[in-house]
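Each chain, written out:
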Amino acid sequence: MIPRTMHAASHRTGSGLTVVVAYVSVWFFTLFGAGVLAIPDMSENAIRNGKTFLFQGKYTNYTWPNRDLASNIDGQLILGALHMVHSRSKDKICGRIMPQGGIQALETMLYTLDYINSNKTNFIPGVKIGVLAKDDCDRDIYGLEQAVDFIRGSIANIGGSAYKCKDGSNPENDMKIISGVIAAPSSVTSIQVANLLKLFKIPQISFFSTSSVLSNRERFPYFLRTIPSDVNQAQAIVELVKMLKWTYVSLVYEESSYGIQGFNELSKLLNENGICKAATETLLKDSGVAPQEAYDQIVKNLLKTNARGVIIFGSDQEVGQLMKAVNRQGETGTFAWIGSDGWGGRGLAFRGMEQEVEGAVTVQPLANEVQGFKEYFLNLRPSTNIRNPWFIEYWEELFSCKYPGSPWTPYNENYDRTCSGDETVTEDNFELEGQLQFVSDAVLAYAHAFKRIHHQLCGKDHYGLCTAMENPNGDRLKHQLLRVHFKGLSGQDFRFLSNGDGPSRYRILNFRRNKFGDYEWESVGFFRDGNLTIVSYKTRYIFSSSWMVDMFRQEEPEHPSSMCNKPCKFYERRKPFLGNPCCWTCEACNAYEYLPTKNACVECPMGTLPAFTKTHCIEIPKRYLNYANGIAIGAMAFASLGVCASSLVMFVFVVYKDTPVVKASGRELSFVLLAGIMLCYGVTFALVSRPSLVLCGMLKMGMGLCFSICYSAILTKTNRISRIFRAGKRTVKRPKFISPESQLIICGALVGIQLLIGLVWLLIRPPEAMSYYANRDDHQLVCRAALGSSYMIGFSYPILLVVVCTVYAVLTRKIPEAFNESKYIGFTMYTTCIIWLAFVVIYFTTASNIEMRQATMCFSISLSATVVLICMFAPKLYIIILHPERNVRQSMVAKSALSNKLNNASSALRVDSGTQSDGMFDDLDLSSATAL
């Protein structure tokens, strides 16, 4: 039946009439239509009686539930409130009393109102805040029906009344106008209530509703909450999964807005972090109460996968039933649970199932104990607590007795004893709800907002309400609510986020045994603003049960495994199944591959090999002819002997530089030749050094240059001898360019050609020290020119000189004995050709082994220099040191030789071996050689 005030409102004209009709329609449908649809099937002893049921009890008939029960506290400003005083029931609208989330939450609200309204606080002078609190029985439609009482006053006062009293005043309206609503615990109920209250612009603050849907400002512009959104809770849960190194988890969520939205957020975040879902199961809630068989089947489905990590996003009643099913199936200790705030720390979820829940880690919005509330609650008695109409029922449930004179319920009629009212609530039969701070903060938020509005509209010194505050303005109240900042009765600072959500802060709880063997929820960490921190306060064990870990004994704790397959060995990659990246087969990487990720074998770059752990590549030590190498030591020893011998010869030639033997050998060219020999020996030391840019450049120039100096000097010598004796056949005139200066110029010109070739080569292909890989296990540091046949560019000109010198040696082989240095030049060149032919063959057959090629080059160069040193200088040293009597200038042509020339047309030019002097041809009549 529509109240009298509605008839008055219906007489308005224009838009006012349309609004009223709309509001009445909403109210009518909510009250009668939706309420009826929400009623479950009743047992045979229940008969429909309007909006409740008439039960045929053991002793008398009674109605259940009593919809009209409410906690009503008068005040100048009235708040509406919905609490989950009773749980839901399969065969009744309301089930048993809810001690923690229901009675304790309601009493926290009343306790906070006492604090605000006390004379000691004097929060708003002359203004008392009252409340109208109802029970929603954890049912959204029933809660919506109860919330209609919060809008009756607003409907009755829309646009004023068309009726007037005889004195001209408006008729009195005994319906209270609700300024704001504290509701509801369940997200699905909060959604229904928010849709209703926004029509009347009544702000709503929830203390337990966490669904992310409620953060939508467009859909729910007047909804706020003191508890954080499930979006943040899902982030905290995923961070826990990552910390536990789970890659494959099962998800269980309840069939409600809370569970569905939590599941959606979790699914999105798990996908973003590469964590796969194994089984996905739903706990029946909004559509009814599931039988035991349904919970048993959920456990069986969870066992079908290899995932042993299970995330449960649900409420305590349903989770408690699931744990009972785990026990029935004999799977205690099989699963590792991560839970949402809907069941973490709540007795219905673990009471009697401690072993099944043991080890569970749950996320709970960070809340501290409301100061003084525990003592307040423990001192409550049913005889004195008359403002809470459900407290007697709580007392009966707690002590399993029937309180004298209390109404009959489907539960207290089964109790055989009578309550005395003097029973004692102790630590043993009392468990404090851990999230009561959010209830207290919701009440305080309204109080602080009212205080700000009172200061703005009435002034700080005004006592009581002023006229401007008599008609609540929902937009103004919401605006002030978003700006409040205060320290609550829990000691924590509070302010709403910009979207109306509570601060993002959570406590991580672990259900485990303490040192006395008792089970308890222990705080082991925190999640604040996206950061997870795990700590341990009172015990050194962070997780318990079969996956207990000693935090002090290990730097990084081991956690229960939850993955589709066992981990692959360190040398194997995971080959994911098509369409399921969290399930895989293991495949070994080859000897040259490493594992940058668990799913990919990648070949190490050339010059590197996989580490033993296969996690990275390590560089193969670079090989080159270093000073510690055996071959290098031998080459350097040989070259050192050569340097010493060359130095000795140089010393002797300097000491005896003016003697006939030294002068006859071409003193200046001999010194040039000795310099070239010493440079050849010096090249060995460069070849066995670590390649570098400078060293490679020196080798490109030096190797060809040392040979060019040697063979240019020898070529100049042989050319001089050849020209002298060819000229002697034709004329007595002395040949040109046979002086020492001329010889040095000719030799320098020949060496200059090599220098030019080397400079052009350096410009076209600059030197470079580089890595060379003869095979996959090889890593050599070489000069670029050492690869292929590049060094042949530098050797090409010396080879040409060798060939020309050899040709001259052949042409001058018949020179008379007096000029027999040509014989030693011949020996030198024949031997050198043999060495170079062998060197070229070895050089090209050792292309892949640069060390061997370098060693061959060292010995070949030193050996060539040694041949020149021995063949060209040993005979001279023999005379200078051992036969100094022969180191004299003699007549170049015997008298008998001249007479024989005239008579026999022959010559007999004779001089001791090695006595050709630079000035010998000054005394020689070259015409006498024409007969040769």
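Predicted model, so just to flag it, every value in this text is computed and none were measured.

Focus: the overall build of the protein
Helices and strands together make up the secondary structure of the protein, namely 25 helices and 27 strands. In the protein, of all internal contacts separated by at least 6 residues, the share reaching a separation of at least 24 is 69%. Summed over its atoms, the accessible surface of the protein is roughly 41,200 Å², and 56% of this surface lies on carbon and sulfur atoms.

Brief notes about the sheet that holds strand β10 (residues 248-254)
The mixed open sheet is built from 8 strands, whose spatial order is β11-β10-β12-β13-β14-β17-β18-β19. Since the sheet does not close on itself, it has two edges, and those belong to β11 (276-283) and β19 (531-534), each with one partner. Neighbour-to-neighbour, the strand axes of this sheet turn through a mean angle of 25°, independent of strand direction. Pairing of β10 with strand β12 (residues 309-313), which is carried by 5 bridges, proceeds in the parallel orientation. Pairing of L251 across the sheet is with I311, part of β12. Across the sheet, helix α8 (residues 257-272) is in contact with β10, β11 and β12; its angle to β10 comes to roughly 160°.

Examining the pairing of β11
Where β10 and β11 come together, 6 bridges link them in parallel fashion. Looking across to β11, one finds that Y248 is bridged to C276. Handedness of the crossover joining β10 and β11 through α8: right-handed.

Examining the layout of surface pockets
Its boundaries defined by the atoms lining it, the second largest pocket holds a volume of some 610 Å³. Elements with a contribution of two residues or more to the lining of the second largest pocket: β20 (572-577), β21 (580-588) and β22 (593-597). Sort the elements by how many residues they give to the lining of the second largest pocket and β21 lands first, with 3 residues. Of the residues that constitute the lining of the second largest pocket, the class distribution is 12 nonpolar, 8 polar and 6 charged.

Considerations on the environment of E254
Topologically, E254 is positioned in strand β10. The spacing of E254 and S315 is 61 residues in sequence and 7.3 Å in space, taken between C-alpha atoms. Apart from residues no more than four positions distant in its own chain, E254 is found in contact with G259, I260, T282, L283, K285, F313, G314, S315 and E318. At 2.8 Å, the side chain of E254 and the side chain of S315 are in polar contact.

A look at the state of the cysteines
A complete count under the given rule lists 8 disulfides for this structure. Between the sulfur atoms of C458 and its disulfide mate C466 the distance is 1.9 Å. The sign of the S-S torsion, about -70°, decides the handedness of the disulfide formed by C458 and C466: left-handed. Like C466, C458 is buried. Disulfide pairing is shown between C696 and C783; the S-S distance is 1.9 Å. The disulfide joining C696 to C783 has a torsion of about -85° about its S-S bond and is therefore left-handed. Of the two residues, C696 sits in helix α20 (residues 693-730) while C783 sits in strand β27 (residues 780-783), which places them 87 residues apart along the sequence. The same class applies to C696 as to C783, namely buried. Between C680, a free cysteine, and C706, which holds the nearest cysteine sulfur, the sulfur-to-sulfur gap is 3.5 Å.

The rules we used
Residues numbered from 1 in each chain as written. Predicted model: local features only at pLDDT ≥ 70, side-chain atom pairs only at ≥ 80, totals over all residues. Heavy atoms only, no water. Helix = DSSP H or I, 4+ residues; strand = E, 2+ residues; numbered from the N terminus. Contact = heavy atoms within 4.5 Å. Areas by Shrake-Rupley, 256 points an atom, 1.4 Å probe, with all protein chains shown as cover. Pairing = 2+ DSSP bridges. Axes fitted to C-alpha atoms, helices over the stretch in contact; angles between N-to-C directions. Right-handed = clockwise from strand over helix to strand, strands pointing away. 1 Å grid on protein atoms, 1.4 Å probe; cavity = no way out; pocket = protein on both sides within 12 Å on 5 of 7 lines; lining within 4 Å. Points joined across faces, edges and corners; volume = space filled by probe spheres on them. Nonpolar A, V, L, I, M, F, W, Y, C, P; charged D, E, K, R; others polar. Polar contact = N/O pair within 3.5 Å; in protein donor to acceptor, adjacent residues only side chain to side chain. Disulfide = S-S within 2.5 Å. Buried < 20%, exposed > 50% of the residue type's maximum accessible area, 1.4 Å probe, protein only.

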